[in-house]
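An overview of the molecular structure
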Amino acid sequence: PVLLGCGSAQPGGCPALCECSEPAKTVKCVNRNLTAVPPDLPPYVRSLFITGNPLTDLPTGAFAAQRLPDLASLNLSGNHLRTVEAGSLALPALRQLDLSGNALVSFSPQAFGEGGSPLEELALRGALRDHSVLLSLAALLQSGALRNLSRLELADNGLLLLPAGMFTALPALRQLDLSNNSLVGLRNVSFQGLGQLQSLNLSDNSLGVLWNSTLAQFRSLPALRHIVLGRNAWVCDCAIEDLVAWLKESDQVEGKEALTCASPDKMLGKALLKINGSDLNCSVPTDLPSQLQTSYVFLGIVLALIGAIFLLVLYLNRKGIKKWMHNIRDACRDHMEGYHYRYEINADPRLTNLSSNSDV
């Protein structure tokens, strides 16, 4: 269909600076220097593109929901959006929303209204650089307002860690894109309840290992058949044994043959699938209670041996020890007699005067 540009808005027509196609139910306001959402969008619109504009704020009621009952696809990417206020996206038919390429600093957990949203696809590529926005998004997802969401794109956001339980209220989620971030671990991330999840992209992150708890969750998801793990910083030490074993038995990972070690230096570039126990030089861990029990027994034997040696020495030197004890007793007795003699002198006044007038 041919897109017709209108220079001025008409009733039921096209807003100024936008291009509209009624047969295609489409309105495009691209690179038009808009600072606000046009208030006179035609009611027939189903696909709306407002991109490449200096639009900074999406206030409450930015889209007249009563006049846009059929708006299903909304693309707001590449603007300067910073604030998404409560109720600004409360559209009854909205299925697709793209907010990529905006420097968001505030995203209301009530942006889609109080009663939830039929939204199925949400793209936030490069829009979550502010940590507070990530927390607001997590609160929104956990509230259950987007229970119909089937595709979530969070790539290119520099994320280090994800809030715990962020995805637990998304039972319809089928595709999750976390690529090109800086994720260092997934231990606080729960994939439980994502029974419909089919695709998980974790490429281009900083993952060094996936722990057995995370691998167990992957095994428990029946629909998950496409996991992308390429270009991560895998650390090939003893902790990676579980990941290697899972890769060898699993058919969920795409391109697993290309996964290689990033450290230590002796393992650099080695394929994870070719790693065996001798490469890692890991000893089988011993049960800790058994180790402690063995240590206590050994300590008891050593102490008993020391006690026996001490008693033997005492027995062999019993005569010398007896003589030494007698000498100590005699010395103590002589010392005490000296104290007793001085006490008697001090107690008798006559002896005291004699002692003070004599030379002795």
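- As annotated in an unreviewed UniProt entry, the protein carries the name TPBG protein and comes from Sylvietta virens.

Some thoughts on the pattern of salt bridges
- Taken as a whole and assessed by the stated rule, the structure comprises nine salt bridges.
- For R231, the salt bridge is made with D204, and the minimal N-O distance between the two is 2.8 Å. Here R231, found in the loop between β14 (226-228) and β15 (234-235), pairs with D204, found in the loop between β13 (199-201) and α2 (212-220); they are 27 residues apart in sequence, far enough to count as distant.
- Residues K270 and D279 are paired through a salt bridge, measuring 3.9 Å at the closest nitrogen-oxygen approach.

Comments concerning the packing of aromatic side chains
- If you walk through the whole model with that rule in mind, you get two aromatic pairs.
- Centroid distance F191 to F218: 5.5 Å. Interplanar angle 55 degrees. Geometry classified as tilted. On the criterion of sequence distance, the pair formed by F191 in the loop between β12 (175-177) and β13 and F218 in helix α2 is long-range, its members being 27 residues apart.
- Note on F218 and W246: the rings are 5.8 Å apart at their centroids and 40 degrees apart in plane angle, and the pair reads as tilted. Here W246 lies in helix α3 (residues 241-249) and F218 lies in helix α2, a separation of 28 residues in the sequence.
- The class for W246 is buried, based on a relative accessible area of 1%.
- Among the aromatic residues, ring-to-ring pairing joins F191, F218 and W246 into one connected group.
- Over the face of the ring belonging to F49 we find K28, whose NZ or CZ atom lies 5.5 Å from the ring centre.
- Its guanidinium or amino end placed over the ring of W211, R187 lies 4.8 Å from that ring's centre, counting from NZ or CZ.

Examining the UniProt feature "transmembrane region" (unreviewed entry) in the protein
- Per the UniProt record, "transmembrane region" (unreviewed entry) is found at residues 296-316.
- When the span residues 296-316 is considered, its composition is 100% helix and 0% strand, and the gap between its end C-alpha atoms is 31 Å.

Some words on a nonpolar patch on the surface
- A contiguous nonpolar patch, built from F298, L299, V302, L303 and I306 and spanning about 500 Å² of accessible area, is present on the exposed surface.
- Tracing the backbone shows L303 in helix α5 (residues 288-316).
- Given the relative accessible area of 53%, L303 is considered exposed.

A word on the sheet that holds strand β5 (residues 57-58)
- The three strands are arranged β5-β7-β9 in an open sheet whose pairing can be described as parallel. Because the sheet does not close on itself, it has two edges, and the strands there are β5 and β9 (106-107).
- Here two bridges tie β5 to strand β7 (residues 83-84), and the two strands are oriented parallel to one another. From the neighbouring strand, D57 faces β7, where its bridge partner is T83.

Structural notes on the environment of D40
- As for its placement among the helices and strands, D40 is situated in the loop between β3 (26-30) and β4 (47-51).
- A relative accessible area of 28% means that D40 is categorised as partly exposed.
- Remark: the alpha-carbon pair of D40 and P15, spanning 25 residues in sequence, is separated by 5.9 Å.

A short note on the environment of L161
- Counting through the fold element by element, L161 comes out in the loop between β11 (151-153) and β12.
- Spatially, the C-alpha atoms of L161 and S182 are 8.0 Å apart, while their sequence positions differ by 21 residues.

Overview of the state of the cysteines
- Enumeration over the complete set of coordinates arrives at three disulfides.
- Covalent S-S linkage joins C14 and C20, the inter-sulfur distance amounting to 1.9 Å. Its S-S torsion of about 75 degrees marks the bond between C14 and C20 as right-handed, since a negative value means left-handed. Assigned by exposure class, C14 and C20 land together as buried.

Remarks on the nonpolar core
- One finds F63, F112, L152, F167, F218 and L272 to be the most contacted residues of the largest nonpolar core, which totals 86 residues.
- Elements represented by at least two residues in this core include exactly β3, β4, α1 (131-142), α2 and α3.
- Other than its neighbours up to four places away in sequence, F218 contacts F191, L200, L202, L210, L224, I227, W246 and Q252.

Basis of the calculations
Residues numbered from 1 in each chain as written. Predicted model: local features only at pLDDT ≥ 70, side-chain atom pairs only at ≥ 80, totals over all residues. Heavy atoms only, no water. Salt bridge = Lys/Arg side-chain N within 4 Å of Asp/Glu carboxyl O. Helix = DSSP H or I, 4+ residues; strand = E, 2+ residues; numbered from the N terminus. Phe/Tyr/Trp six-rings, centres within 6.5 Å; stacked < 30°, edge-to-face > 60°. Buried < 20%, exposed > 50% of the residue type's maximum accessible area, 1.4 Å probe, protein only. Lys NZ or Arg CZ within 6 Å of the ring centre and 35° of its normal. UniProt positions renumbered as here; feature names shortened; annotations may be inferred. Patch = residues over 30% accessible without salt bridge, like charges linked within 9 Å, V, L, I, M, F, W, Y side chains within 5 Å. Areas by Shrake-Rupley, 256 points an atom, 1.4 Å probe, with all protein chains shown as cover. Pairing = 2+ DSSP bridges. Disulfide = S-S within 2.5 Å. Core = buried A, V, L, I, M, F, W, Y, C linked by side-chain atoms within 4.5 Å. Contact = heavy atoms within 4.5 Å.

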